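Fold and contact review
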Amino acid sequence: MTTMTQSSNKNHAHSVKQDDSSKVLSYGDHQNSPIKRPTKRVGILGGGTAGSTIAIRLAALGLETYLFEKKKSLIDGPPMCHLHAGGNLYREIPDEDCVALLKQCIDILRLYPYTIDVRPTVFAVPTRDEGLPEDLLPRLDILTEAYQKLIEQDVNNKVLGEPEEYYQLYSHEQLLELSEREQVEVPSTVDEWMIPVAKYLDLNKVKFPLIVVQEYGWNIFRLAASAQLALEEYDHAHVFTDTTVQKVVPVDCENCTNADHHVTKWRIDYQQANDSQAESIEVDYLVNACGFRTGVIDDMVGVEVTRMVEFKSSYVTHWGDAGGQIPEIIVYGQRGTPEGMAQLTPYPGGYFQIHGMSKAITLFEDGLVASSSDSAQPKLPQQYVHYIEDGWDKAPLQARSQQAIEYVAEFVPTFNSARTVGNALYGGQQIPGEDDTLRVADVSLYSNIRYARAENVKASSTLIAADQIVNELTTLGLIQNDTPMNRSRYAHEWSYLIHNDGLAVDKVARVLAEQRGFPIAMADVNHSIREAALDDLSPAGV
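Residues numbered from 1 in each chain as written. Predicted model: local features only at pLDDT ≥ 70, side-chain atom pairs only at ≥ 80, totals over all residues. Heavy atoms only, no water.

**As for the overall build of the chain**
Per the secondary structure count, the chain includes 15 helices and 22 strands. Each of the 542 residues in the chain was classed as buried or not, and the buried ones make up 58%. Restricting the contact set of the chain to residue pairs at least 6 apart, pairs at least 24 apart contribute 74%. Counting every atom, the chain has about 21700 Å² of accessible surface; 48% of that belongs to carbon and sulfur. (Helix = DSSP H or I, 4+ residues; strand = E, 2+ residues; numbered from the N terminus. Buried < 20%, exposed > 50% of the residue type's maximum accessible area, 1.4 Å probe, protein only. Contact = heavy atoms within 4.5 Å. Areas by Shrake-Rupley, 256 points an atom, 1.4 Å probe, with all protein chains shown as cover.)

This is the structure in structure tokens:
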């Protein structure tokens, strides 16, 4: 956003000076500054969830942090919908990955508490599927035990309700009884949440029991707003949105012709949208968090990597016949088949986000591409790059949105009255390696060249990725070990939570939703984390 760029440039002037002869930003002496500025700089390329979270983490430690993002605002990328990102409910995901997801989600929630919509997720196995709902119960028991242990370690980790209520089962008989009850517009108990499910879900097409899990909604507009507010807390956090990084070049390089060469500084050449001239800055460490374009920087740096990129989309619809708030509904299906998972995610104002994990809806026939021996950057078909950079074309968006409505209506028949609204949440997702079922990934570190690559398949793992980079910077001697500021991270004492509440996040999130062409109601949540709980997540004093 423009205001962020202006703020960044103001901070920029305080901390560095420009060498007119080289147009390369060099360190200032800060003789007139009342506060001694840090001398180490980190450049972060990409302002998605990973890049923004890493920037918050490093700026909180006092590093001069430079964040570059091509889009007009932070965290405007692939679709997200709920905190666990569905991983815990996919049968093909290993149990150990699900436990890791649970820990990461609780961790990230405590950094971004105002981004969460507190409501359950209902999981159903269709009658056409070979599996049974009971197949998932051993995993849910493992997760319940893991959640209990996390609470025992730190009571403030109890952010998903009581452990014994992490999941509940509903029989056919219970649902028939609930279907006779009057729907509650604003549910407050699990039974009340299940009334609309009992009324609207075609109970003849699913197996029993249904499983209700405390998997909360995660709002991308509020996440972007929270990251923006968090970074505005730090004078030494410099955010360059609407900015293209043209090149990264090693500056101080030893034995550059050898495979084990060493780099101690990088130069970043970049150009802001409204500037006619490119600028450069030197940094002591480089972080690649470019999302689906991660391979472009790997090629510049000279790192050979195997990866995939997948273009995915979810669709925004409006359904005026829901009768009140409803939980998220997931109907299991084999990914990539015509009967892939159907997922209905609620937002305020009657808006719903739809995933259908078939190649006619969320996935695309030619949407999964791999890197080659010539380049670490997989090449998406130009049509999808066009969608990412310029927006969807109207006709295919309308067609896929209508197919998404019909996909959900197979199981929620009255949803066929929903209408398309010409919006989608979409983007390219990077997948390290060659396994497209991967859900947990974090950081690759190249200590000899002071370079890190963050590849987070799920946004919930980004804070753990930031921790790994902090550990690396400590090992390299770029930051001190065991500082009070670093300990504050593990207590989740984040500066922006002192000065901002849910209303502040509301305001910024609504602006972002409008700027991105989405209904403003989608920037809100139906049920936020209780203020009493947030008192435990925020620092006690300024």
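Let us keep going from here.
**Points about unusual backbone geometry**
Note that the residue after phenylalanine 208, namely proline 209, is joined by a cis bond; omega there is 5°. You will see that isoleucine 75, though not glycine, has its phi angle at about 50°, which is positive. The phi angle at arginine 450 is positive, at roughly 55°, despite the residue not being glycine. Counting through the fold element by element, arginine 450 comes out in the loop between strand S21 (443–446) and strand S22 (451–454).

**Examining helix H11 (residues 462–475)**
The first and last C-alpha atoms of H11 sit 20 Å apart over 14 residues, in line with the 20 Å expected at 1.5 Å per residue. Among the residues of H11, those classed as buried are Thr462, Leu463, Ala465, Ala466, Asp467, Ile469, Val470, Glu472 and Leu473. After H11 finishes, the residue glycine 477 shows a positive phi value of roughly 80°. (Expected span 1.5 Å × (residues − 1).)

**A short note on the pairing of strand S14 (residues 285–288)**
Where burial is concerned, the two faces of S14 agree: the one with Tyr285 and Val287 and the one with Leu286 and Asn288 are both buried. Bridge count for strand S3 (residues 41–45) against S14 is 4 bridges, and the pairing is parallel. Within S14, the residue paired with leucine 45 across the bridge is asparagine 288. As paired strands, S14 and S22 are joined by 3 bridges and run parallel to one another. Counterpart to leucine 286 in the pairing with S22 is tyrosine 451. (Pairing = 2+ DSSP bridges.)

**With respect to the pattern of salt bridges**
Under the defined criterion, the tally for this structure stands at 25 salt bridges. Where arginine 453 meets aspartate 298, a salt bridge forms, and the shortest distance between an N and an O atom there is 3.1 Å. Of this pair, arginine 453 sits in strand S22 while aspartate 298 sits in helix H8 (residues 294–301), and the two are 155 residues apart along the sequence. When its relative accessible area of 3% is taken as the criterion, arginine 453 is described as buried. The shortest N-O distance in the salt bridge between glutamate 455 and arginine 453 comes to 3.2 Å. Neither residue differs from the other here; glutamate 455 and arginine 453 are each classed as buried. Each of Arg57, Asp107, Asp467 and Arg489 takes part in a single network of salt bridges with overlapping partners. (Salt bridge = Lys/Arg side-chain N within 4 Å of Asp/Glu carboxyl O.)

**Some words on the nonpolar core**
Membership of the largest hydrophobic core comes to 94 residues, with the highest contact counts inside it found for Ile44, Leu140, Leu160, Phe221 and Leu473. Here this core takes 9 residues from helix H7 (residues 220–231), the largest share from any one element. (Core = buried A, V, L, I, M, F, W, Y, C linked by side-chain atoms within 4.5 Å.)

**Notes on the packing of aromatic side chains**
Applying the stated criterion across every chain yields a total of 22 aromatic pairs. Pairing tyrosine 315 with tryptophan 392 gives two aromatic rings, centres 6.1 Å apart and planes at 70°, and the pair type is edge-to-face. With tyrosine 315 in strand S15 (residues 307–318) and tryptophan 392 in the loop between helix H9 (382–390) and helix H10 (394–409), this pair connects stretches of sequence that are 77 residues apart. The pair tyrosine 315 / tryptophan 392 is uniform in exposure class, with both members buried. Note on tryptophan 319 and phenylalanine 415: the rings are 5.1 Å apart at their centroids and 75° apart in plane angle, and the pair reads as edge-to-face. Placement of tryptophan 319 in the loop between S15 and strand S16 (328–331) and of phenylalanine 415 in the loop between H10 and strand S20 (419–432) is noted, with a sequence separation of 96 residues between them. Neither residue differs from the other here; tryptophan 319 and phenylalanine 415 are each classed as buried. (Phe/Tyr/Trp six-rings, centres within 6.5 Å; stacked < 30°, edge-to-face > 60°.)

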